[in-house]
Amino acid sequence: MLRIRPQKPRISCVVPAYNEALNLPAVLPAIGRQIAAMTDQFEIIVVNDGSRDNTLEVANALAVQHPEIVVLDLSRNFGKEAAITAGLEAAVGDVVILMDADGQHPTTLLPTMLEKWQEGLDVVYAIRRTRNDQSTLHAALTAWFYRLVNWGSRVKIPRDAGDFRLMDKRVVAALVALPERNRFMKGLYAWVGFSNVALDYEPLPRQQGESSFGLRGAFRLALTGMLAFSTVPLRLLTLSGLLLSLAAMLYIAWVLLEYFYWGIQVPGYATLVVSIMFFSGIQLLALGIMSEYVGRIYDEVKRRPVYLLRQRTGQGLSQD
C-alpha cells in the first residue's frame, strides 16, 4: 500500500563530478533554485572524483557562496560508481536525488519526481527518450548490452535508465548496505527493488566541455555490469562446449564412415592443425572469461574500501 509522504521533505542531491569545472557554476545554482522551490531543507553533495582540472576549487568557491553545497573530495579518481556511493553514504535527507554535473539532466523534472514520491513510491527514475548525443555504434552496443545482461536474469535492468533518479531514504540505506566493491549501480538499483515508476525525458545539450565517459568507459562499465549481474558468459561457454563436443562426435562418425564404408583415405594434417588452433582459441577464450570472474572475486575478498575521502567541505543537513 502506498504511503503518504510530507509535502516538504529534507532533500539531498548527489552530484558526482569529474573535470566539470566549466559546468558547475551554472549547474549547481540551477539545481539549488529548483530544489529550494520544493523544500526549505536541502543539501547538494558534490563529489569530486579526482578531477584533473580545477573542479575542486570551483566547487569549494560555490560552497562558500551557497551554504547548502557540500563538497566531498576523493583521494583519487575511483570512478563514477564509487563517487555515487560516496554521495549516498553522506546523504541524510528523506529523499535523495542523483544528477550529473554536465547539465544534461533537466531540473524541471524534479517536481514531478517528488510528487510521485509523495504518492508513496520509493524510486522514481528517468528514462532517456533518445540517444542522439551518442554515436550509432555506442547506441547499438548499449542496446545489445541490456539484452544480454537481462537474458535469463531474475532481476531486469530497465533499458535507457541511468543514474538520474529520486530515491527514498530506505532505498539509499539498502544500496549503502550492499558490500560489493565492483559496483554497477544500474544493476544495484534494480536489485534492491522497492516500488518504482519511470519518467521519460529528453537529455539537454551538454553545457560546456566534452564528456569524459566515452565508448571505452562504457565498455568497462558494461563488462563490470555483465560480470556482476549475469552468468550469461559462463552459460554461453557451457553451450559452446556441448555444441563443439557434438560436432566433434559427428565429425568422427563421418571420418569412420568415409574410411570403412567408402574406403576413402582421409588426410589428417590440415584437419589436425585447424582443430588444434580452433580448440586452443576456444580454451583461451574460456580461460579469459573465467579469469574476469575470478579477478573480481579477488577484488571482493580483499575488502578494500570503495573510495577514500580526502576532505569534506560544508555542513549540509544535520543528522536526525
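Report follows, based on the coordinates.

Reading guide: rules and limits
Residues numbered from 1 in each chain as written. Predicted model: local features only at pLDDT ≥ 70, side-chain atom pairs only at ≥ 80, totals over all residues. Heavy atoms only, no water. Helix = DSSP H or I, 4+ residues; strand = E, 2+ residues; numbered from the N terminus. Buried < 20%, exposed > 50% of the residue type's maximum accessible area, 1.4 Å probe, protein only. Lys, Arg positive; Asp, Glu negative; His and termini not counted. Salt bridge = Lys/Arg side-chain N within 4 Å of Asp/Glu carboxyl O. Polar contact = N/O pair within 3.5 Å; in protein donor to acceptor, adjacent residues only side chain to side chain. Contact = heavy atoms within 4.5 Å. Arc of directions from axis to C-beta. Phe/Tyr/Trp six-rings, centres within 6.5 Å; stacked < 30°, edge-to-face > 60°. Lys NZ or Arg CZ within 6 Å of the ring centre and 35° of its normal.

**Quick look at the side chain of E43**
And then number 1: Looking at the element boundaries, E43 is found in strand 2 (residues 42–48).
And then number 2: Buried charge E43 goes without a salt bridge, the closest partner of opposite sign being R312 at 4.7 Å.
And then number 3: Polar side-chain contacts of E43 include one of 2.6 Å to the side chain of S12.
And then number 4: Setting aside residues no more than four positions away along its own chain, E43 makes contact with I11, S12, C13, E68, V70, A90, A91, V92, G93, G316 and L317.

**Brief notes about helix 6 (residues 169–177)**
And then number 1: Among the residues of helix 6, those classed as buried are V171, V172 and L175. Take helix 6 and look down its axis: the buried residues cluster within an arc of 100°, on one side only.
And then number 2: Capping of helix 6 at its N-terminal end is provided by D168; its side-chain oxygen lies 2.9 Å from the backbone amide nitrogen of R170.

**Description of the packing of aromatic side chains**
And then number 1: Tallied over the full model, the rule gives 1 aromatic pair.
And then number 2: Judged by centre distance (5.5 Å) and plane angle (85°), the ring pair of F164 and Y201 falls under edge-to-face. Placement of the pair is F164 in strand 6 (residues 161–168) and Y201 in strand 7 (residues 196–201), with a sequence separation of 37 residues. In this structure, F164 and Y201 share a single accessibility class: buried.
And then number 3: The cationic tip of R76 hangs over the ring face of F78; the distance from NZ or CZ to the ring centre is 3.9 Å.

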